[in-house]
Amino acid sequence: MESESNTATTFTTVVIPMETEVHRVALPPHRSTFLKLKTRLKETFFPDDPLRHFKNQPSITKLTLGAQYIFPVLEWGPRYNLKLLKSDVVSGLTIASLAIPQGISYAKLANLPPIVGLYSSFVPPLIYAVLGSSRDVAVGPVSIASLIMGSMLRQQVSPVTDPILFLQLAFSSTFFAGLFQASLGFLRLGFIIDFLSKATLIGFMGGAAIIVSLQQLKSLLGIKHFTKKMGIVPVLTAVFRTTDEWSWQTILMGLCFLVLLLFTRHISIKKPKLFWVSAGAPLASVILSTLLVFAFKAQNHGISVIGKLHEGLNPLSWNMLHFHGSYLGLVIKTGLLTAIISLTEGIAVGRTFAALKNYQVDGNKEMIAIGLMNIVGSSTSCFVTTGSFSRSAVNHNAGCKTAVSNIVMAITVMVTLLLLMPLFQYTPNVILGAIIVTAVVGLIDIPAACQIWRIDKFDFLVMLSAFFGVLFISVQNGLAIAVGISIFKVLMQITRPKTVMLGNIPGTDIFRDLHHYTDAMTVPGFLILSIQAPINFANATYLKERIMRWVEEYCESNGKTQSGLKFVVLDLSGVSSVDTNGVSLFKDLRMAFGKKNLELVLVNPVGEVIEKLKRGEYADELARPDSLFLSVGEAVASLLSTIKKQPSN
């Protein structure tokens, strides 16, 4: 919104003699209503024009391109060679070393059996390798989606007293998450996730990272009875009310491994070539801690362990999905929220690394791929998965070339499920907590928060709302508050569009904002305003009131009588569209100015605007040669010459 200090500003005036040719404002070529609607729908749902590659192609080529569009693996698969395989095997084994401990840890975070985390690192990567369009994304469970699912389901069902029902609801939520994600892709509705602005995501991720870390105090301190709530106050209260349950053995082991993991992360940040240090540290910590527990029988001295895990591949779980009953609303709501969060993270990860390697990632393809892998995953004992930033960064740094790295990771997890599960029996829970804390600490992006503060204070407010909402209320409510404030900001920009007063740059026919360009000068007898937003029912009344106030402020600030002002010039270059209320606005202004002996002049209306004005009751005014101009400079020059030709009284 414009500054209200305009009323106290005195502008220098200048007379600009201009000899310039006046160009006629042309009407746009006629287009039928059907063609306009077709163009609008195409730009809304198909902005990337996915069918452009099919034009003027023979039938067999169109069939091939169609198959490649649906299954991107068919595009790069025929060109695959041994050299690419070597790179993908190295990167796949590297991310597997990270995916195995993270999968177990994130399953615990979602209050699910640890084995489900490994199941979710086996089937979904195989689906994504066939359907995904990114070469670098490594899929699997992620911390925030795991936290949201676990916290929302736990509000109504206890994972301790009713673990089977809790598992059924988790799979059902995963199904609805995948259904929603795939639907967005098929219906080309990916723009919906854009309502999660960067400020919202940074605040949300930061707050969620702190909540996730605080939740791990249960494992890091050896607490057995912990709160089900997610807010920072009840979590800290529960921590200090159960000091008698703290285990010094658990604290010592947790502190040592947490410091080790954070140190390896620091090394990899400072020296990216040593990415393998932080990538292998979680698995190395799991192996070392398991050996220590087994050697010293630490499970008998206060350190809790995972326990025996089932061997074998993913069992089918389609019969565990809930599509009716009293919990249907809960699983739909949980699925919807986890779908949006995981989809936003997955697409952002894909686009980030695609930009680094200079290739394109199709957002709608990614939605379909992520959605289908969650639908299939829900039937194969998996919970919500998406592209993981930490694993994808390791995958990228390890030199992956294609999505085959996901297949290699899945095969490694498969071998683990079939042969190595007994080795995790003595893995302490405290090491899983340390791994989670190390993984989520990177989600707290302080430099990005500082940048938001420098760029836009309102966005900073949105970020803080998400951050503190997650910390003190709940994960889902904190996100809802931030999205609500962001939408309010957009509504304010729509209902209170910016208008500025323009002045002439001396020696030119250029007109710019008087408060931006201090050497710009007003032209005697002219009030030149620029409207910098579409005009519609939401802002037409405000614009009328604001323009009338501009007239009053102009006269007062220049110390002139009303008769000193002759023309009100509206620069419509920034008005991309008008509706019926917008057309009525110009009619009302013309009538109001007529009573004040002022003339309304329009400058550079775009095609849609001039077309609607001509169809409305403003058609007669458009026919007048002195009411419509192509540029402000031409309007001022023409009208000044008209004034000079008029006989003085």
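Above this text you will find the structure in question.
As the structure is a computational prediction, the values presented were derived from the model and not from experiment.

Draft legend 1. Inspection of the overall build of the protein at higher detail. Tallying secondary structure elements over the protein gives 26 helices and eight strands in all. For the protein, the spread of C-alpha atoms along the three principal axes comes to 110 × 65 × 55 Å. A buried classification covers 51% of the 649 residues belonging to the protein. Taking as baseline every contact in the protein between residues at least 6 positions apart, the subset at least 24 positions apart corresponds to 80%.

Draft legend 2. Spatial organisation of the environment of V583. As for its position among the elements, V583 is in helix 23 (residues 580-595). For V583, a relative accessible area of 14% corresponds to the buried category. Remark: the alpha-carbon pair of V583 and I211, spanning 372 residues in sequence, is separated by 52 Å. Apart from the residues within four sequence positions on either side, V583 is in contact with V578, K612, L613 and G616.

Draft legend 3. Region of the structure containing the nonpolar core. Membership of the largest hydrophobic core comes to 66 residues, with the highest contact counts inside it found for L112, L118 and L417. A total of nine residues in this core trace back to one element, the largest contributor, which is helix 8 (residues 163-186). Non-local contacts of L112, meaning those with residues more than four positions away in its chain, are made with A107, F166, L167, A170 and F383. A208, V440, A466 and V483 belong to the second largest nonpolar core, which has 36 residues in total.

Draft legend 4. Main features of the sheet that holds strand 3 (residues 499-504). One open sheet accounts for six strands, arranged 4-3-5-6-7-8; its pairing is mixed. In this open sheet, the two strands that pair with only one neighbour each are strand 4 (511-513) and strand 8 (628-629). As paired elements, strand 7 (residues 599-603) and strand 8 share two bridges and run parallel to each other. Of the residues in strand 8, the one forming a bridge with L602 is L628. Packed on one face of the sheet, helix 23 meets strand 6 (567-571) and strand 7 and runs near 145° to strand 7.

Draft legend 5. Quick look at the pattern of salt bridges. According to the stated counting rule, one finds seven salt bridges in the structure shown. Across the salt bridge formed by E553 and R546, the nearest N and O atoms sit 3.6 Å from each other. Accessibility assignment for this pair places E553 and R546 in one class, buried. Between K612 and E608 there is a salt bridge, with its nearest N and O atoms 3.2 Å apart. Residue K612 and its partner E608 are both found in helix 24 (residues 607-615); the two are separated by four residues, about one turn of the helix. Residue class for K612 comes out partly exposed when judged on its relative accessible area of 31%. Each of D456, D459 and K489 takes part in salt bridges that share partners, so that together they form one network.

Criteria and cut-off values
Residues numbered from 1 in each chain as written. Predicted model: local features only at pLDDT ≥ 70, side-chain atom pairs only at ≥ 80, totals over all residues. Heavy atoms only, no water. Helix = DSSP H or I, 4+ residues; strand = E, 2+ residues; numbered from the N terminus. Buried < 20%, exposed > 50% of the residue type's maximum accessible area, 1.4 Å probe, protein only. Contact = heavy atoms within 4.5 Å. Core = buried A, V, L, I, M, F, W, Y, C linked by side-chain atoms within 4.5 Å. Pairing = 2+ DSSP bridges. Axes fitted to C-alpha atoms, helices over the stretch in contact; angles between N-to-C directions. Salt bridge = Lys/Arg side-chain N within 4 Å of Asp/Glu carboxyl O.

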